[in-house]
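Structural features, examined
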Amino acid sequence: MSHWSEATQERAREIISRYPQKRSAVMPLLYLAMAEEGYLTNEGMEEVAAWVGITPAQVQAVASFYTMYKRRRTGQYLISCCTSISCMLLGGDDVLHAVEDESGVPHGETGADGLLSVEHVECIGACGGAPAVQVNYELIEGVTPDKARDLVRWLGSAQPEVVNTDEMQELFGGVRSFDWAIRDESGAVGPYPAFQPLGTVGSEGNA
Amino acid sequence: MTTPLVVTKRMTEFPADSHTIDRYEETGGYEQARRATGMSRDELVEEIKTSGLLGRGGAAFSAGLKWSFLAPSRPSYLVINADESEPGTFKDRQLLERDPHQMLEGIIITAIANEVHDAFIYIRGEYPKPARRVQAAVDEAYAKGHLGKGILGSEYDLDVMVHLGAGAYICGEETALINSLEGLRGEPRLKPPYFPAAKGLYMQPTIVNNVETVSNLPHILAMGAEEFIGLGHPLDTGTFMLSVSGHVKKPGNYELPHGITWRDLIYDVAGGIPNDRELKAIIPGGASSPWFVPQIHLDHQITKDMCAEAGSMLGSGAVIVMDDKTCMVRAAERIVRFFAHESCGQCTPCREGTTWMEMILRRIEEGQGRAIDLDLLLDVSDNISVGLGWPPKMTTICPLGPSAVSPVLALRDYFREEVNAHVELGGCPLRPVEVHA
Ligand SMILES: Cc1cc2nc3c(=O)[nH]c(=O)nc-3n(C[C@H](O)[C@H](O)[C@H](O)COP(=O)(O)O)c2cc1C
Ligand code: SF4
Ligand code: FES
């Protein structure tokens, strides 16, 4: 018996059918499990195990390998600050400290009200627009410590339902790795990437 | 420096809509894929071999040669490596976001050449926007009949699927990527026997190619191998993308012919060092590569062979520039930290060694270093990369472990004094790192 919503179950069936072998669907299904509950629970992993026909222990072994499968309750907004080499050279550490200070949430933790989680991450492929930050994996390039503080305050006050990369770039960003050209209308609604192989999970405006 | 652009041409000329199928087809898109449906595997492999195209994912292996090694068993699979996670590298993101159809056309050509009917695009999980763009392009291509059953009016079937990673750099290594795609932990496999071209995805022959590599293919077919060769350096054909970051006035991706010099790249193309500072060190090919210093390498040409001769590599084409206010110990620590964090843990020298190296470097940077620490660092490094040369003699399953040694080689060869100064001073002589406005 599945605990998942009908829509999620339908999507799970579709995803599995697309791969030559069922087990390949583990990763997308783990994202589905996160989208159901906001983070990855034991029940979520048991569910994935049942869908692809492996043991929960096997699913857990996979899930624990990847940093984006969050095993603890994560805030509505996950702020990831890059402190890898290129961002470090241009003040990425200061941006992280500004985020921690303004939010009161140290990296690796989630605030008591469940609104924000903060983490420092390795390179997110935005080194030409260093320092770079992501909110629910939606990118902002060229962030200063002051802008980072503004971002934290904005997330707290505006509490956007959908986090949009272009909107945040306009409000809080600066130098970019390259010209982004046209606007991307879709965005994330939780601390997992707003994309799934068969349409977008938990985001709007992008089929 | 007037060489024509190839893979970034369309996005440069039509910035607003280079990612759409309409623009793509208006500018000659899918014509070469259509042509390829009428060509044989041998013809295609031969043409790409002749072009001299080298893989742009880091290992710089001949694309045509790789294809020619594909074992005869079928089905065969194609996996596009869009896991781009090496610190300093952001070129594939631009190709994915700004010209996804160009990559799809490259995928069609590669698939036909390798008799593949199922292709996967493995995009790193932190790239949701590129993934959405690529998915939209895939959907457009299906809708037009360019993918699916009987592509482009031929008898050929090809399915393409986008698969999202979940935050593990090591999945960029081709055998780890295959494990990940099979729903396993992303741990590299031993080569031999698990060469993808023989025993790859689901133990079937598999081609793994980088985004930029396949994005070149429609152009090679369109202009012909000869013209493509003429664009670059005789040993290193075509153009290539460099991601320039760090202390330069104009960071960004630049498509260039192989063979310009580091001086031209940094001072001309990327605008020089901000705030009238001096150049101190260059990381030439991503965090994995041994560093260059201006006093020795500035006038070297940027080619695969020149980099190898000088004891480094062009790798993923990520150039990280550091000015004279940058602490080399801190920079080394940051890079070693990356590899320690991303080690998959299968091999003891890599798992333990990178952790130790990170600890020792941090200790030196924080002023707790001891006089013997550099030797200790070299000793630990020697366990991962025997003899401390380049390319490394490996004691590990994959090159990640030995890559962590690259910054340590730089400290040994060029910045010994600076390391010692940390120890003697009991702190960093350069701190705090100054931030550019
Ligand atoms: C640790 C490690 C990480 C790698 N990461 C990537 C990557 O992110 N993208 C990529 O294309 N190749 C990466 N590679 C190289 C791949 O193993 C492989 O050589 C490449 O994808 C082949 O494509 P190409 O021949 O078209 O370059 C990595 C290699 C290693 C050892
Ligand atoms: S070298 Fe490191 S990353 Fe590579 S297989 Fe061994 S432990 Fe894993
Ligand atoms: S180093 Fe921060 S995005 Fe690459």
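Residues numbered from 1 in each chain as written. Chains lettered and ligands numbered in written order. Predicted model: local features only at pLDDT ≥ 70, side-chain atom pairs only at ≥ 80, totals over all residues. Heavy atoms only, no water.

1. Describing the overall build of chain A
Each helix and strand in chain A was counted, giving eight helices and five strands. Going from N to C terminus, chain A has its helices and strands arranged as α-α-α-α-β-α-α-β-β-β-β-α-α. Scaling as 2.2 N^0.38, a compact globule of 207 residues should have a C-alpha radius of gyration of about 17 Å, and chain A matches this with 18 Å. Put simply, chain A has 207 residues, and 62% of those count as buried. At a minimum sequence separation of 6, the contacts of chain A that also span at least 24 residues come to 62%. Here chain A has roughly 7700 Å² of accessible surface; of this, 47% comes from carbon and sulfur atoms. (Helix = DSSP H or I, 4+ residues; strand = E, 2+ residues; numbered from the N terminus. Rg over C-alpha atoms; globule rule 2.2 N^0.38 Å. Buried < 20%, exposed > 50% of the residue type's maximum accessible area, 1.4 Å probe, protein only. Contact = heavy atoms within 4.5 Å. Areas by Shrake-Rupley, 256 points an atom, 1.4 Å probe, with all protein chains shown as cover.)

2. As for the site of ligand 1
All names here are of chain B. Within the structure, ligand 1 sits among 19 residues, and Gly57, Asn81, Asn209, Asn210 and Thr213 are positioned closest to it. Side-chain polar atom of lysine 66 to an oxygen atom of ligand 1: 2.9 Å apart, as the coordinates give it. Residue glutamate 174 places a main-chain N or O atom 3.0 Å away from an oxygen atom belonging to ligand 1. If you tally residues by element for the shell around ligand 1, the top one is strand 4 (residues 206-210), at three residues. In terms of residue class, the shell around ligand 1 is made up of five nonpolar, eight polar and six charged. (Near = heavy atom within 4 Å. Polar contact = N/O pair within 3.5 Å; in protein donor to acceptor, adjacent residues only side chain to side chain. Nonpolar A, V, L, I, M, F, W, Y, C, P; charged D, E, K, R; others polar.)

3. Here's the deal with the confidence of the model for chain B
Caution is warranted with low-pLDDT regions, since their predicted coordinates should not be read in detail. On average, chain B scores 95 in pLDDT, and the residues at 70 or more come to 98%. Quick note on the complex model: pTM equals 0.97, ipTM equals 0.96. (pLDDT = per-residue confidence, 0-100.)

4. Quick notes on the environment of alanine 16 of chain B
Locating alanine 16 of chain B in the fold gives a position in the loop between helix 1 (9-13) and helix 2 (21-26). C-alpha separation for the pair alanine 16 of chain B and arginine 98 of chain B, spaced 82 residues apart in sequence, amounts to 9.1 Å.

5. Looking at the interface of chain A and chain B
Taken together, the contact between chain A and chain B spans 61 residues of the former and 72 residues of the latter. Roughly 5200 Å² is buried in total at the junction of chain A and chain B, and carbon and sulfur atoms are behind 59% of that figure. Applying the counting rule to chain A against chain B returns seven salt bridges. Here arginine 132 of chain B ties to aspartate 184 of chain A by a salt bridge, and the two come within 2.7 Å at their closest N and O atoms. Every element with two or more residues in the side of chain A that touches chain B is listed here: helix 1 (6-18), helix 2 (26-37), helix 4 (56-63), helix 5 (85-89), helix 6 (92-103), strand 5 (138-140) and helix 8 (165-172) of chain A. Along the lines of polarity and charge, the residues of the side of chain A that touches chain B split into 33 nonpolar, 17 polar and 11 charged. (Buried area = accessible area lost by both parts, 1.4 Å probe. Salt bridge = Lys/Arg side-chain N within 4 Å of Asp/Glu carboxyl O.)

6. Remarks on helix 4 of chain A
Residues and elements named next belong to chain A. Where helix 4 is concerned, the buried positions are Val59, Val62 and Ala63. Buried residues of helix 4 fall within an arc of 95° about the axis and therefore sit on the same side. Structurally, helix 4 contributes buried residues whose contacts are with helix 2 and helix 3 (42-52). (Arc of directions from axis to C-beta.)

7. Digging into the packing of aromatic side chains
In this structure the tally under the stated criterion is 15 aromatic pairs over all chains. Between tryptophan 4 of chain A and tryptophan 51 of chain A, the aromatic rings sit 6.2 Å apart at their centres with planes inclined by 20°, giving stacked as the arrangement. Placement of the pair is tryptophan 4 of chain A in the segment before helix 1 and tryptophan 51 of chain A in helix 3, with a sequence separation of 47 residues. Under the relative-accessibility criterion, tryptophan 4 of chain A is labelled buried at 6%. Aromatic pair phenylalanine 61 of chain B and phenylalanine 69 of chain B: ring centres 6.3 Å apart, planes at 40°, arrangement tilted. For phenylalanine 61 of chain B, a relative accessible area of 38% gives the class partly exposed. An aromatic cluster is defined as three or more aromatic residues linked by ring pairs; in this entry it consists of Tyr19 of chain A together with Tyr77, Phe120 and Tyr202 of chain B. The ring of tryptophan 180 of chain A has arginine 176 of chain A lying over it, and the distance from NZ or CZ to the ring centre is 4.8 Å. In this arrangement the basic side chain of arginine 189 of chain B is found over the ring face of tyrosine 194 of chain B, its NZ or CZ atom lying 5.8 Å from the centre. (Phe/Tyr/Trp six-rings, centres within 6.5 Å; stacked < 30°, edge-to-face > 60°. Lys NZ or Arg CZ within 6 Å of the ring centre and 35° of its normal.)

8. Some points on the site of ligand 2
Around ligand 2 there are 13 residues in total, and Cys344, Gln346, Cys347, Cys350 and Cys398 of chain B lie nearest to it. Considering only residue class, the shell around ligand 2 consists of eight nonpolar, five polar and no charged.

9. Brief notes about the nonpolar core
Counting residues in hydrophobic clusters, the biggest one holds 148 residues, and the most contacted among them are Leu29, Leu30, Tyr66 and Tyr69 of chain A together with Ile107, Ile121 and Trp291 of chain B. Grouped together as the second largest cluster of nonpolar side chains are 23 residues, Ile79, Val118, Ala148 and Met168 of chain A included. (Core = buried A, V, L, I, M, F, W, Y, C linked by side-chain atoms within 4.5 Å.)

10. Things to note about a negative patch on the surface
On the surface, a cluster of negative charge is contributed by Glu36, Glu37, Glu43 and Glu46 of chain A. Mapped by element, the contributors of at least two residues to the negative patch are helix 2 and helix 3 of chain A. (Patch = residues over 30% accessible without salt bridge, like charges linked within 9 Å, V, L, I, M, F, W, Y side chains within 5 Å. Lys, Arg positive; Asp, Glu negative; His and termini not counted. Charge placed at Lys NZ, Arg CZ, Asp CG, Glu CD.)

11. A few points about the pattern of salt bridges
Applying the stated rule across the entire model yields 42 salt bridges over all chains. Among the salt bridges present, the one from arginine 74 of chain B reaches glutamate 115 of chain B, with a minimum N-O distance of 2.8 Å. Highlighted residues: arginine 74 of chain B in the loop between helix 5 (63-68) and strand 1 (76-82) and glutamate 115 of chain B in the loop between helix 7 (100-113) and strand 2 (116-123), separated in sequence by 41 residues. Accessibility expressed as a relative area gives 31% for arginine 74 of chain B, which makes it partly exposed. Each of Asp93 of chain A together with Arg330, Glu333, Arg334, Glu358 and Arg362 of chain B takes part in one network of salt bridges that share partners.

12. Things to note about the domain arrangement of chain B
All names here are of chain B. The domain architecture assigned to chain B consists of domain 1 (12-227), domain 2 (235-317) and domain 3 (328-425). Each partner contributes residues to the interface: domain 1 has 10 residues there, and domain 3 has eight residues. In total, about 810 Å² of surface goes out of reach between domain 1 and domain 3, with carbon and sulfur atoms giving 74% of it. Area buried by domain 1 at its contact with domain 3 is led by Tyr169, Ile170 and Pro188, which between them contribute 54% of it. Linking domain 1 with domain 3 are zero salt bridges. Between domain 1 and domain 3 we count two residue pairs in polar contact (both at pLDDT 80 or more) in total. Residue composition of the side of domain 1 that touches domain 3, by class: six nonpolar, one polar and three charged. (Domains from an automatic or database assignment.)

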